[in-house]
Amino acid sequence: MKEAVILAGGFGTRLRHVVSDVPKPMAPIGERPFLEILIDYLATFGYDHIVLSTGYLHEKIEQHFGCEYKGIRISYAQETTPLGTGGGILNALQHCQNETVTVLNGDTMFKVDYSALEQFHQQNGTMLSIFLRQVDDTSRYGSVEIDNSHRIIRFAEKSESQGQGWINGGIYRMDKALFDGYQVGDTFSFEKDIMQANYQSKSLFALPSSSYFIDIGVPDDYFRAQKELI
């Protein structure tokens, strides 16, 4: 079984005045919700169990996908109170049978080779591997630096980052053991409390990619997706 967690519980504050009646990952791209396009792409790499981490307007997602979508088993990890990105992932991992799982953001399409990330993760014997994407302006995201062996050596906050560089592409291959010390229901940040807190003491790795990338979290890119993803 190949399992993935999609983080689909964000409020979508920056997109709210454009799409207000559904959660951000369900924003329509043409006549289809963005999340459907994302799951279809995952399916091409053989993923057959997907856990949707939901929160805001969760019922909209559940009504659309049910417990199965095109032969893929769908499970739901609903946050009744916001748990932060770390708490949300940990909550969702309870629905996964495997010890190593792929996790991705539900508002980003990054057309990477998921099989390559699986192999990269296994070869490096790490607990966390992430995809990186080069952008012209890192100030919207913050940046990530790696050494010649692809080990992460620095995270820069949005306020510290500008100009061209590599950003976290929002696609992860991770071991459940990465969350040792945390309990289900804890509220914490995956970016700060897991990645930034551990990259120096534990070897975390990143795989750069120049594949197509779009984040629909802001109106300009959402409107661009209407042309590029239909």
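These figures come from a predicted structure and were not determined experimentally.

(A) Local environment of the overall build of the chain. Secondary structure assignment for the chain yields 6 helices and 14 strands. By the compact-globule yardstick of 17 Å for 230 residues, the chain fits well, its C-alpha radius of gyration being 17 Å. Taken across its 230 residues, the chain has 52% of its residues classed as buried. Carbon and sulfur atoms make up 45% of the accessible area of the chain, which amounts to about 10,500 Å² in all. Charge centroids of the chain, computed over 20 positive and 29 negative side chains, lie 2 Å from each other.

(B) Local environment of helix α4 (residues 114–124). Every buried residue of α4 is accounted for by Tyr114, Leu117, Glu118, Phe120 and His121. For α4, the angular spread of buried residues about the axis comes to 165 degrees, placing them on one side. Residues of α4 that are exposed and point more than 90 degrees away from the buried face comprise Gln122 and Gln123. Elements in contact with the buried residues of α4: α1 (34–43), β7 (100–105), β9 (128–135), β12 (165–175) and β13 (205–209). Of the residues that open α4, the one with a side-chain oxygen 3.0 Å from the backbone nitrogen of Ser115 is Asp113.

(C) A look at the environment of Ser75. As for its placement among the helices and strands, Ser75 is situated in strand β6 (residues 72–78). Residue classification places Ser75 among the buried residues on the basis of a relative accessible area of 12%. Separated by 74 residues in the primary sequence, Ser75 and Ser149 have C-alpha atoms spaced 36 Å apart. With residues up to four places along the chain from it excluded, the contact list for Ser75 reads His49, Ile50, Val51 and Leu52.

(D) Main features of the packing of aromatic side chains. Applying the stated criterion across every chain yields a total of 15 aromatic pairs. Between Tyr222 and Phe223, the aromatic rings sit 5.7 Å apart at their centres with planes inclined by 50 degrees, giving tilted as the arrangement. With relative accessibility at 5%, the residue Tyr222 sits in the buried group. One aromatic cluster is present, formed by Tyr172, Phe179, Tyr182, Phe188 and Phe190 through successive ring pairs. Positioned above the aromatic ring of Tyr47, the side-chain terminus of Lys2 is 4.8 Å from the ring centre.

(E) Spotlight on the pattern of salt bridges. One pass over the structure, following the stated rule, counts 11 salt bridges. One salt bridge in this structure joins Glu36 and Arg32, with 2.9 Å as the shortest N-O distance. Where Glu145 meets Arg154, a salt bridge forms, and the shortest distance between an N and an O atom there is 3.3 Å. Accessibility expressed as a relative area gives 36% for Glu145, which makes it partly exposed. One salt-bridge network, held together by shared partners, links Arg140, Asp215, Asp221, Arg224 and Glu228.

Calculation notes
Residues numbered from 1 in each chain as written. Predicted model: local features only at pLDDT ≥ 70, side-chain atom pairs only at ≥ 80, totals over all residues. Heavy atoms only, no water. Helix = DSSP H or I, 4+ residues; strand = E, 2+ residues; numbered from the N terminus. Rg over C-alpha atoms; globule rule 2.2 N^0.38 Å. Buried < 20%, exposed > 50% of the residue type's maximum accessible area, 1.4 Å probe, protein only. Areas by Shrake-Rupley, 256 points an atom, 1.4 Å probe, with all protein chains shown as cover. Lys, Arg positive; Asp, Glu negative; His and termini not counted. Charge placed at Lys NZ, Arg CZ, Asp CG, Glu CD. Arc of directions from axis to C-beta. Contact = heavy atoms within 4.5 Å. Polar contact = N/O pair within 3.5 Å; in protein donor to acceptor, adjacent residues only side chain to side chain. Phe/Tyr/Trp six-rings, centres within 6.5 Å; stacked < 30°, edge-to-face > 60°. Lys NZ or Arg CZ within 6 Å of the ring centre and 35° of its normal. Salt bridge = Lys/Arg side-chain N within 4 Å of Asp/Glu carboxyl O.

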